[in-house]
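Reading the structure
So the chains spell out like this:
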Amino acid sequence: PETVLEKLRYAWEHAKRERNKRRGLPATEDVGTIANMLILLRQMTEIRLGYVITGTVIATPYLPGLTREDLDDAMEYARLKMLSSFNSAVGVYEVEAAYAGLGNGLCQFPEDIERCNEEEMYMPWKVVLTISFTNFLFSLTTTGCTSANRCWEYSREEDFELGLWYKDRYGYEQMYWNRIRRTIRRFAELENRIDKLQLLGEAASNEHFQ
């Protein structure tokens, strides 16, 4: 906040957040939405792994308006401890998390921090194209990665009119898939090379998209 009015509005909103938290409620409606997602993910993961999860490193999408304060409050409401990621000064993003989840950029001996650090220094440079295709959003991100801890974003593009559930807006379906194809090609051609492709999102397994 910069102006007096903005400062007053910020103070009022912050006071409302604190009051909701003292009453055992989510700080805001958005925090409640995020927290419920986290609770569901924790329950599914605990069933899969067979033990209780008390803390986690959270990976987030590149979305405007998703603040660290909201994430902290959502984690608190979900009763999860926010763990810091080693070697990451900023938050962990879904691109890097997916890169690691697919077995890329990981050291052979993660329990030995010094050895792991040295190994990561000599990992090859990879240009990664990540396409996230959900029911509501189509986004593309190009990053340069050595290790999963060291990724730098080159370019990013989001289209909130290209989610799978919006395909009926295009008259006939082939127009929609043609636009998807053109968007991918135009974005990919911005780079001289692409070493790896990552597909994320609940709609990425769609047969037409594949």
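Above this text sits the structure in question.
Report follows, based on the coordinates. Small disclaimer: the values here were computed from a predicted structure and weren't measured. (Residues numbered from 1 in each chain as written. Predicted model: local features only at pLDDT ≥ 70, side-chain atom pairs only at ≥ 80, totals over all residues. Heavy atoms only, no water.)

1. Some words on the sheet that holds strand β6 (residues 138–145)
The strand order across the open sheet formed by four strands is β7-β6-β5-β8, and the pairing between neighbours is mixed. Two strands lie at the open edges of the sheet, namely β7 (151–159) and β8 (196–200), each paired on one side alone. Neighbour-to-neighbour, the strand axes of this sheet turn through a mean angle of 15°, independent of strand direction. Judged from the five bridges that link them, strand β5 (residues 126–133) and β8 form a sheet pairing that is parallel. Across the sheet, residue Thr 130 finds its bridge partner in β8, namely Gln 198. In the packing of helix α4 (residues 94–101) onto the sheet, the strands contacted are β5, β6, β7 and β8, and the crossing angle to β8 comes to about 110°. (Pairing = 2+ DSSP bridges. Helix = DSSP H or I, 4+ residues; strand = E, 2+ residues; numbered from the N terminus. Axes fitted to C-alpha atoms, helices over the stretch in contact; angles between N-to-C directions. Contact = heavy atoms within 4.5 Å.)

2. Examining the packing of helix α1 (residues 4–22) against helix α3 (residues 68–77)
Put simply, α1 and α3 touch, their axes get as near as 12 Å, and they point 10° apart. In terms of orientation, α1 and α3 fall into the roughly parallel class. In this structure, α1 contributes His 14, Arg 17 and Lys 21 to the contact, and α3 contributes Glu 69, Asp 70, Asp 73 and Glu 76. Looking at side-chain class alone, the contact of α1 with α3 contains no nonpolar, one polar and six charged residues. (Parallel < 35°, antiparallel > 145°, perpendicular 65-115°, else oblique. Nonpolar A, V, L, I, M, F, W, Y, C, P; charged D, E, K, R; others polar.)

3. Thoughts on the pattern of salt bridges
Oppositely charged side chains are able to pair whenever their charged atoms sit close together. If you walk through the whole model with that rule in mind, you get 14 salt bridges. For the salt bridge of Glu 69 with Arg 17, the shortest nitrogen-to-oxygen distance reads 3.5 Å. Taken together, the positions of Glu 69 in helix α3 and Arg 17 in helix α1 put the pair 52 residues apart, joining distant regions of the chain. Residue Glu 69 is classed as partly exposed on the basis of its relative accessible area of 29%. The residue Glu 120 makes a salt bridge to Arg 150 at a minimum N-O spacing of 2.9 Å. Linking Glu 120 in helix α5 (residues 113–121) with Arg 150 in the loop between β6 and β7, this pair joins segments that are 30 residues apart in sequence. One continuous salt-bridge network, built from bridges that share partners, spans Arg 17, Glu 18, Lys 21, Glu 69, Asp 70, Asp 73 and Glu 76. (Salt bridge = Lys/Arg side-chain N within 4 Å of Asp/Glu carboxyl O. Buried < 20%, exposed > 50% of the residue type's maximum accessible area, 1.4 Å probe, protein only.)

4. Some details on the nonpolar core
Among the nonpolar cores identified, the biggest contains 15 residues, and Phe 133, Phe 138, Tyr 176, Trp 177, Ile 180 and Phe 209 are the most heavily contacted of them. Sorting the residues of this core by element identifies β5, β6 and α6 (173–188) as the ones contributing at least two each. The element contributing the most residues to this core is α6, with four residues. Discounting chain neighbours no more than four positions away, the residues touching Phe 138 are Ile 131, Ser 132, Phe 133, Glu 157, Glu 158, Asp 159, Leu 162, Gly 163, Ile 180, Thr 183, Ile 184 and Phe 209. Counting twelve residues, the second-largest nonpolar core is a separate cluster that includes Val 31, Ile 34, Ala 35 and Ala 74. (Core = buried A, V, L, I, M, F, W, Y, C linked by side-chain atoms within 4.5 Å.)

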